[in-house]
Structures are given as structure tokens and as C-alpha cells.
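Given next are the chains, with one letter for each unit.
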Amino acid sequence: AFAIELEGLTKVYAGSRRMLPKRALEGVDLKIPRGSFFALLGPNGAGKSTLINILAGLVVKTSGTAHVFGVDIDAHPRRARRVIGVVPQELNLDAFFTPREALEMQAGLYGIPPAERRTDEILAAVGLSDKADAYARSLSGGMRRRLLVAKALVHRPPVVILDEPTAGVDVELRRSLWAYMQELNREGVTVVLTTHYLEEAEQLCDWIAIIDKGHVVACDRKEQLLRQL
Ligand code: ADP
Ligand code: ADP
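Each chain carries its own residue numbering, running from 1 in the written order of its sequence. Whichever chain is written first is A, and whichever ligand is written first is 1; the rest continue in order. Residue-level local features of this predicted model are given only where pLDDT is at least 70; pairs of side-chain atoms are given and counted only at 80 or more, and the full residue set underlies all totals for whole chains, interfaces and linings. To obtain the side-chain values, all non-hydrogen atoms of the structure were used and water was disregarded.

Under the annotation held in an unreviewed UniProt entry, the protein chain carries the name ABC transporter ATP-binding protein and is attributed to Benzoatithermus flavus.

Q: Quick question: what am I supposed to make of the site of ligand 2 here?
A: If even one non-hydrogen atom of a residue comes within 4 Å of a molecule or strand, that residue is called near it. Taken together, Thr166, Val169, Val171, Arg174, Trp178, Tyr197, Glu199 and Glu200 make up all the residues around ligand 2. Separating a nitrogen atom of ligand 2 from a side-chain N or O atom of Thr166 is a distance of 2.8 Å. Shrake-Rupley sampling with a 1.4 Å probe provides the accessible areas, and residues are treated as covered by the protein chains on show and by no other component. If ligand 2 stood free it would expose 520 Å²; the protein chains cover 56% of that surface. Residue assignment for the shell around ligand 2 shows that the elements contributing at least two residues are helix 6 (171-186) and helix 7 (198-204). Each residue gets one of three labels, nonpolar for Ala, Val, Leu, Ile, Met, Phe, Trp, Tyr, Cys and Pro, charged for Asp, Glu, Lys and Arg, and polar for the others, Gly among them. For the shell around ligand 2, the residue count by class is four nonpolar, one polar and three charged. Side-chain atoms alone can form a polar contact between residues adjacent in sequence; in general such a contact is a pair of N or O atoms within 3.5 Å, and within protein one must be able to donate a hydrogen while the other accepts it. Secondary structure counts use DSSP, requiring at least four H or I residues in a row for a helix and at least two E residues in a row for a strand, with both numbered from the N terminus.

Q: I'm lost on the sheet that holds strand 2 (residues 22-33) in this one. Help?
A: Each strand in a sheet pairs with another by means of backbone hydrogen bonds, the pair being arranged parallel or else antiparallel. When DSSP locates at least two bridges between a pair of strands, those strands are taken to pair. Overall, antiparallel pairing links the four strands, which are arranged 2-1-4-5 in an open sheet. Two strands lie at the open edges of the sheet, namely strand 2 and strand 5 (71-72), each paired on one side alone. Alignment of strand 1 (residues 2-13) against strand 2, held across eight bridges, turns out to be antiparallel. Paired with Phe2 across the bridge in strand 2 is Pro33. Sheet contacts for helix 1 (residues 48-55): strand 1, strand 2 and strand 4 (63-68); angle to strand 1, the most-contacted strand, approximately 115°. Only heavy atoms matter for contacts: two residues are in contact if any of them lie within 4.5 Å across the pair. Here an angle of 0 to 180 degrees is reported between the N-to-C directions of two axes, which are lines fitted to C-alpha atoms, with helices fitted over the stretch in contact.

Q: Just to check I follow, could you spell out the site of ligand 1 for this structure?
A: In the region of ligand 1, the neighbouring residues are Tyr13, Met19, Lys22, Ala24, Pro43, Asn44, Gly45, Ala46, Gly47, Lys48, Ser49 and Thr50. Interatomic distance of 3.1 Å between a backbone N/O atom of Ala46 and an oxygen atom of ligand 1. Note that an oxygen atom of ligand 1 is positioned 2.9 Å from one of the side-chain N or O atoms of Lys48. Counting only elements with at least two residues in the shell around ligand 1, the list comes to strand 2 and helix 1.

Here you go:
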């Protein structure tokens, strides 16, 4: 009963004339329990984004296997995308679309019929009701991040993966994002986030994996893990 299972996951970025090949992940074995609130904790350069981007289907792994809710993400990418919602770190949004349009498009991509869309509900949940019809240029960084979270939730995935969701976010928004992620988790959604703040992992999560130089160096329930530090 794992939400995510990685075995021997390895990523080597190819070198170029100017750059040596880089081993970003090295034989990572990781089991993320269903229903957990899971932190991937590690310093910059540890390999966290690489791991997330492989799960998101954005980066091709060099070797190893990755299953999400039992679905092999290489063999069944379409099935995989139904069970996973990814919130990337970059604030990439389409400039000429409003939050409402962005969510409607996302729902369309997932084949959700208009009658079953929950656009207003999701906008309200992330505090964007007032900006539902505003263009991206008038959304602050915090609002853009909340829209990315909303987009990842449109198809009600049982696993949500967030890459440094509170990086560069002010204290107030951080608290509201934390509360929202906790609410999702209480509803049964497995929430996985990457962070380089021990404090964030400690306050929010019930499981922590520490990743360093491409290796998972520890992984346990929070209480057990903090006792080892
Ligand atoms: P983190 O998210 O923990 O900061 P990353 O997964 O972004 O770590 O990076 C892991 C290592 O892989 C770093 O040394 C980084 O410089 C390198 N890396 C990341 N992306 C690329 C890429 N596209 N090409 C080459 N090296 C990369
Ligand atoms: P910033 O947003 O630039 O990190 P803040 O003023 O919001 O700065 O952060 C206040 C303090 O909280 C800083 O000492 C910072 O290191 C720490 N901090 C920032 N982000 C997080 C986070 N996600 N989890 C825990 N502590 C954080």
C-alpha cells in the first residue's frame, strides 16, 4: 500500500562540451506510504527536483523503476497522470489566460465534462475567487503559486507532489499554503513536498526522507527520524 515506490532510481545528466556528466540520483530506493504527508528534505543540489521531475514525467530517468499507486510511470504514462498532481517550482503560467480559464483548460485536458468541473470551488479553496477573471500579469507571486496548486488538483489526484512550495513565499501565504496542504492530507490525499527547511518538514510532515548528493540517507516516521539526528 504505497503511494509511490522507487527502486534503484538513477539519473545521470549527460555532459556537454562545457559540462561534465552529473549523477543527480544514484540508486534511490524509496517507499512513500499512502495517506502520508511526506517531506523530501535536503540541501540545494541534492537531487530533489530531479526526483520530482521524473515522477512528473518531465525528466527521463537513466535506470530504475518508479510506480505511483502501482502504476509504472514509463509503461503507463496516461494512467500515471491521472493519479498524480505536480506543482512545479517555477511560476510558469500562460500570460493571456485568467485563473478560471487556466483551470477550465486543465479540466478539459483531463477529459472532465463541464458539469463535473469544480472550478469555483477550487478557486475558493486556494483563495483566488477575487482574481478568477484577472490576467496573469496582475497576479502576485503568491497568487501564481496558488494557481499552480489549484491546477494540480483539478483531476482530484490521490497524490500531490509539490516542489519547494513555499520557496520565496511570504510568511502569511506560507501559513495558508501549509493549512491547505494539511487539509488535503486530512481528506486522504498523499502529500509529498520537497524542502530545504528542517523546520518545514518538522512542522508539517509525518514522514521524512533525507536526500543528499543523490542518495536517500535516511527515511522514517518523523519522530523516529528526528531522534536519530
Ligand atoms: P535539488 O532540487 O535538490 O536542488 P536538483 O535535482 O535540481 O537538486 O539537482 C541535482 C544535481 O543535478 C545538481 O548538481 C544540479 O546541478 C544537477 N542538474 C540538475 N538539472 C540538470 C540539468 N538539466 N543538466 C545538468 N545537471 C543538472
Ligand atoms: P523568506 O520568505 O525570504 O524565506 P521570510 O521572512 O518569509 O523570508 O522568512 C522568515 C524566516 O523563516 C527566515 O529565517 C527564513 O529562513 C525562514 N523560512 C523561510 N521559508 C521557510 C520555510 N518554508 N520553512 C521554514 N522556515 C522558513
